[in-house]
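# Chains, contacts and geometry: an overview
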Amino acid sequence: MSIKKLALGAVAVAMLAVPGIAQAATWFGQTTGSVNMRVDASPTAPKILTIPAHAQVRIDGQKNGWYHVAYANNEGYVSGSYIQTRVANVQPRPIFRGPAPIRGYYKKPYWDNQHQAWYDGRRWYRNGVWYNSPSGFSFGFNFGG
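Let us look at the structure shown here.

Rules behind the numbers
- Residues numbered from 1 in each chain as written.
- Predicted model: local features only at pLDDT ≥ 70, side-chain atom pairs only at ≥ 80, totals over all residues.
- Heavy atoms only, no water.
- Helix = DSSP H or I, 4+ residues; strand = E, 2+ residues; numbered from the N terminus.
- Buried < 20%, exposed > 50% of the residue type's maximum accessible area, 1.4 Å probe, protein only.
- Contact = heavy atoms within 4.5 Å.
- Areas by Shrake-Rupley, 256 points an atom, 1.4 Å probe, with all protein chains shown as cover.
- Core = buried A, V, L, I, M, F, W, Y, C linked by side-chain atoms within 4.5 Å.
- Pairing = 2+ DSSP bridges.
- Axes fitted to C-alpha atoms, helices over the stretch in contact; angles between N-to-C directions.
- Salt bridge = Lys/Arg side-chain N within 4 Å of Asp/Glu carboxyl O.
- Polar contact = N/O pair within 3.5 Å; in protein donor to acceptor, adjacent residues only side chain to side chain.

## Things to note about the overall build of the protein chain
For the protein chain, the count of helices and strands is two helices and eleven strands. Buried residues in the protein chain amount to 32% of all 145 residues. Long-range contacts, defined here as pairs at least 24 residues apart, represent 46% of the contacts in the protein chain between residues at least 6 apart. As displayed, the protein chain has an accessible area near 9,500 Å², and 55% of this comes from carbon and sulfur atoms.

## Description of the nonpolar core
Within the largest apolar cluster, twelve residues are counted, these being W27, V35, M37, L49, I51, A55, V57, I59, Y67, V69, V78 and I83. When contributions to this core are tallied by element, the ones reaching two or more residues are β2 (35-38), β3 (47-51), β4 (56-63) and β5 (66-71).

## With respect to the sheet that holds strand β9 (residues 117-119)
Taken in spatial order, the four strands line up as β8-β9-β10-β11 in an open sheet, and their pairing is antiparallel. With one partner strand each, in any of the chains shown, β8 (110-112) and β11 (129-131) form the two edges of the open sheet. For this sheet, the mean angle separating the axes of adjacent strands, direction not counted, is 40°. As paired strands, strand β10 (residues 124-126) and β11 are joined by three bridges and run antiparallel to one another. From the neighbouring strand, W124 faces β11, where its bridge partner is Y131.

## Topic: the pattern of salt bridges
Side chains bearing opposite charge may pair, as long as their charged atoms lie close to each other. Applying the stated criterion to the full structure yields four salt bridges. For K63, the salt bridge identified is with D40, shortest N-O distance 3.0 Å. Of the two residues, K63 is situated in strand β4 and D40 in the loop between β2 and β3; the sequence distance between them amounts to 23 residues. Looking at K63, the relative accessible area reads 34%, which means it is partly exposed.

## Examining unusual backbone geometry
With phi around 50°, N64 is a residue other than glycine that occupies positive phi space. Checked against the element boundaries, N64 lands in the loop between β4 and β5. Given the relative accessible area of 70%, N64 is considered exposed. Even without glycine at this site, A72 takes up a positive phi of about 50°. Its place among the elements puts A72 in the loop between β5 and β6 (74-79). Classification of A72 as exposed rests on a relative accessible area of 51%.

## A look at the environment of P43
With respect to the element layout, P43 can be found in the loop between β2 and β3. Classification of P43 as exposed rests on a relative accessible area of 59%. With 23 residues separating them along the chain, P43 and W66 place their C-alpha atoms 9.9 Å apart. Beyond its immediate sequence surroundings of up to four residues, P43 is in contact with R38 and W66.

## Quick look at the environment of D60
Counting through the fold element by element, D60 comes out in strand β4. By relative accessible area, D60 is classed as buried at 5%. A polar contact of 2.7 Å, which involves the side chain of D60, links it to the side chain of R58.

What follows is the structure, encoded as structure tokens:
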């Protein structure tokens, strides 16, 4: 067995043993063919974009045989069948993503990295609360008074 396979196996075991670190390991991968990035780990989930063959992606986690990847300033899920992986850095990094809302959304929410909140096409969800604007974002008007 090669050292690369042993290292990947060790990382996989560590990810199963400590679920919080599963999203923390930084992996990189390359697409083996053109593949659709989707908002969830399902072939029926809405498509975000198509990643071309041989593109480099950052892998942030895994769910049911799908990888959560970042590519061209977008994040979403790609079938693991189309990704060749390699471990680049197994140092844990903080995870600030809270759980997704289970009800009360307009469309299935996806993680909005810019605002660090779930977004359903109308509102943002963070720490159990829905917001009509991104958390911490507000307008202020000064009429010289």
